[in-house]
Amino acid sequence: MTVQPTGAEHVAPVTAGVPEPGAVTVVIPTFNESAGVRELLRRIAVSVPARIACEVVFVDDSTDDTPAVIADAARDCPFPVSVIHRDTPDGGLGGAVVEGLKAAVSDWIVVMDADLQHPPALVPDLVATGEKEDADLVVASRYLPGGSRAGLAGGYRVAVSRGATWLAKGLFPRALGGISDPMSGFFAIRRSAVTAGVLRPLGYKILLELAVRGRPARVAEVPFVFEERFAGESKSTAAEGMRFLRHLVGLRTASPLARMAAFGLIGLTGFVPNLAALYLLTGTGLHYLPAEILANQAGVAWNFLLIELLLFRDRRHHRHRADRVARFALLANADLVLRIPLIALFVGQLHMAVLPATALALLTTFVLRFAGTEALVYLPRGARTARTGRNLR
């Protein structure tokens, strides 16, 4: 990663007309935006410095000449411009924004796209609204009176955007209750309200991260018209859509109880490949006992893939993949071995009927398997050591 300051050193003074906001850092993630950044900086220079002191931080994941174009255009800017170029685009656009949040030094941070669908002239209004309403987060919304999503190209993108908004608000009614446009990529946030260490971005919807994990105390909104793209192509692809869905799952399963519920639902889906494999194996004439053992491995493999993809995606790098597979398979098959003695114990010693004893054994082994999977397969070694240390104290 490289940080390159560019442009003029002068910072324009704040003028009257705005309720004395602090200075603003404009964070702009870029990926191959060389065709539009010159015009973007020109519009920022026209509309922002006269009302509020600013700096611009580009966080760049480009494979083209975008950093060089920014450096050349910054020479005419009446505010500091810097470029953070990331060699590895971890977290996608959301990860780029987090890097910009860490680098910002102003009281306020405004996040916006580089394609000019977010009007730079609104930057001072976002900050002024935050100061006036004592808000920690100010969202530019397409869905308030006076706002518009006119710049979305075609009915398909409109439908996808609206569907994603409903899904996000349905999953997080409390955290997003005061936000009409949680899919917005245009917002202002107080630097004091940013806790970068809790953010786990995945894809391009960083506002969800800030609202759900950060839980700002007070949120305000201003309407804005989503304009047509100045240059380049949309970064919204099917792959980004899948990342967004994985991001929602990760946010929704952040608590242990929610992860346990998701773990159980994934486990239920494992019955499908399990039964399909059992049908095929017994159809070949294999005895049902070895067929049961082999078929169980199909369910184990299915569950492992979904858990890796959806539930513990951000913890996969703490162990080698082969190590995770071996540990998960051992725990999953130990479930079978443990369940029968438990049923015998419940029936023989506690005098329970077979059906409730079986149900209780299933519940017991499920809880143990979830706890074992989290602690022995996916819990970071450092976190495990820290937890042990806290228990000793």
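Since the model is a prediction, treat every value here as computed from it, not as a measurement.

Moving on, we get to the packing of aromatic side chains. Tallied over the entire structure, the rule returns six aromatic pairs. Measuring from ring centre to ring centre gives 5.9 Å for Phe-263 and Phe-366, while their planes differ by 40°; the resulting arrangement is tilted. You can see Phe-263 sitting in helix H8 (residues 256-269) and its partner Phe-366 sitting in helix H12 (residues 354-378), a full 103 residues away along the chain. The pair Phe-263 / Phe-366 is uniform in exposure class, with both members buried.

A cluster of nonpolar residues, Leu-265, Leu-268, Phe-271 and Leu-275, forms a patch on the protein surface that exposes about 430 Å² of accessible area. Taken together, the elements giving at least two residues each to the nonpolar patch come down to H8 and helix H9 (271-283). As for its position among the elements, Leu-275 is in helix H9.

Take the pattern of salt bridges next. Pairing is possible between side chains of opposite charge, provided their charged atoms come close. If you walk through the whole model with that rule in mind, you get 16 salt bridges. In this structure, Arg-218 engages Glu-133 in a salt bridge whose closest nitrogen and oxygen atoms are separated by 4.0 Å. With Arg-218 in the loop between helix H6 (206-212) and strand S8 (219-223) and Glu-133 in helix H4 (residues 123-133), the pair connects residues that are 85 residues apart, well separated along the chain. Relative accessible area serves as the criterion here: at 42%, Arg-218 is assigned to the partly exposed category. The exposure class assigned to Glu-133 is partly exposed, which follows from its relative accessible area of 33%. Three or more residues joined by partner-sharing salt bridges are found here, namely Glu-131, Asp-134, Asp-136 and Arg-190.

A separate point is the confidence of the model for the protein chain. Caution applies to low-pLDDT regions: their predicted coordinates should not be interpreted in detail. Averaged over every residue, the pLDDT of the protein chain is 79; residues scoring 70 or more account for 79%. In this model, residues 6-21 is a region of pLDDT below 50 whose contacts with residues beyond four sequence positions or in other chains number 37 contacts. pLDDT under 50 marks residues 383-393. Its contacts with residues more than four places away, or in other chains, come to four contacts.

With 38 residues, the main nonpolar core has Val-24, Ile-28, Val-56, Phe-58, Val-81, Leu-126 and Phe-186 as its most contacted residues. When residues in this core are grouped by element, the largest group, four residues, is from helix H1 (residues 37-47). Here Val-24 is in contact with Ile-52, Ala-53, Cys-54, Glu-55, Ser-106, Trp-108, Ile-109, Val-110, Val-123 and Val-127, once residues within four sequence places are set aside.

Turning to its location among the elements, Ile-206 is positioned in helix H6. Among the residues examined, Ile-206 registers a relative accessible area of 3% and is labelled buried. Separated by 24 residues in the primary sequence, Ile-206 and Pro-182 place their C-alpha atoms 9.4 Å from one another.

With that settled, the discussion passes to unusual backbone geometry. Positive phi is not limited to glycine here, since Asn-32 has a value of about 55°. Tracing the backbone through its elements, the reader meets Asn-32 in the loop between strand S2 (24-30) and H1. Judged by relative accessible area, Asn-32 falls into the partly exposed class, the value being 28%. One non-glycine residue, Asp-134, lies in the positive phi region at around 55°. Structurally, the position occupied by Asp-134 is in the loop between H4 and strand S6 (137-141).

Quick notes on the rules
- Residues numbered from 1 in each chain as written.
- Predicted model: local features only at pLDDT ≥ 70, side-chain atom pairs only at ≥ 80, totals over all residues.
- Heavy atoms only, no water.
- Phe/Tyr/Trp six-rings, centres within 6.5 Å; stacked < 30°, edge-to-face > 60°.
- Helix = DSSP H or I, 4+ residues; strand = E, 2+ residues; numbered from the N terminus.
- Buried < 20%, exposed > 50% of the residue type's maximum accessible area, 1.4 Å probe, protein only.
- Patch = residues over 30% accessible without salt bridge, like charges linked within 9 Å, V, L, I, M, F, W, Y side chains within 5 Å.
- Areas by Shrake-Rupley, 256 points an atom, 1.4 Å probe, with all protein chains shown as cover.
- Salt bridge = Lys/Arg side-chain N within 4 Å of Asp/Glu carboxyl O.
- pLDDT = per-residue confidence, 0-100.
- Contact = heavy atoms within 4.5 Å.
- Core = buried A, V, L, I, M, F, W, Y, C linked by side-chain atoms within 4.5 Å.

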